[in-house]
Amino acid sequence: MHEHLLTIDEAAQRLRVHRSYVYKLINQGDLPKPIKVGRCSRFVASQFDEALRGLGGRS
C-alpha cells in the first residue's frame with residue numbers, strides 16, 4: 001500500500017497558515033521533517049496528521 005504524501009503547500013492549507021510557518025514548526029520539532037522525493041519535500045500524511053493531533057492537545 002502506498003502512503004499518501006503532502007506538499008508543503010498542502011500542509012500549509014491544512015493548518016491555514018503560510019508555508020514559512022510550516023517550516024518554523026518543522027524547525028521547532030512540532031512537525032516531522034518532510035522526506036525528499038527528488039528535489040521536492042513531502043510529508044507522509046499519516047505522520048503529519050499524528051503531529052497535528054499532538055499540536056491540538058497543547059495548552
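These figures come from a predicted structure and were not determined experimentally.

Undergrad: Summarise a nonpolar patch on the surface; cite the residues concerned and give the values.
TA: A surface patch of nonpolar side chains, amounting to about 210 Å² of accessible area, comprises Leu5, Ile35 and Val37. Structurally, the position occupied by Ile35 is in strand β2 (residues 35-37).

Undergrad: Please provide a residue-by-residue account of the pattern of salt bridges, values included.
TA: All chains considered together, the criterion is met by two salt bridges. Across the salt bridge formed by Arg19 and Asp9, the nearest N and O atoms sit 2.8 Å from each other. With a gap of 10 residues between them, Arg19 in helix α2 (residues 19-28) and Asp9 in helix α1 (residues 8-15) connect regions that are remote in the sequence. Its relative accessible area of 35% is what places Arg19 among the partly exposed residues. A salt bridge links Asp49 to Arg14; the nearest nitrogen and oxygen atoms lie 2.6 Å apart. With Asp49 in helix α3 (residues 45-56) and Arg14 in helix α1, this pair connects stretches of sequence that are 35 residues apart.

Reading the values: rules and limits
- Residue positions are given per chain, counting from 1 as you read along its sequence in written order.
- Only residues with pLDDT of at least 70 are given local features in this predicted model, and only at 80 or more are side-chain atom pairs given and counted; all residues enter the totals for whole chains, interfaces and linings.
- Each side-chain value is worked out from all heavy atoms of the structure, with water and hydrogens disregarded.
- Each patch is built from residues lacking any salt bridge and having more than 30% relative accessible area; the joining distance is 9 Å for like charges and 5 Å for nonpolar side chains (Val, Leu, Ile, Met, Phe, Trp, Tyr).
- Here, Shrake-Rupley sampling with a 1.4 Å probe gives the accessible areas, and only protein chains in the shown set may cover a residue.
- Salt bridges are defined by distance alone: a side-chain nitrogen of Lys or Arg within 4 Å of a carboxyl oxygen of Asp or Glu.
- Under the scheme used here, helices are H or I runs from DSSP no shorter than 4 residues and strands are E runs no shorter than 2 residues, and both carry numbers assigned from the N terminus.
- Remark: exposure states derive from per-residue accessible area (1.4 Å probe, protein chains only) relative to the maximum for the residue type, with buried under 20%, exposed over 50%, and partly exposed in between.

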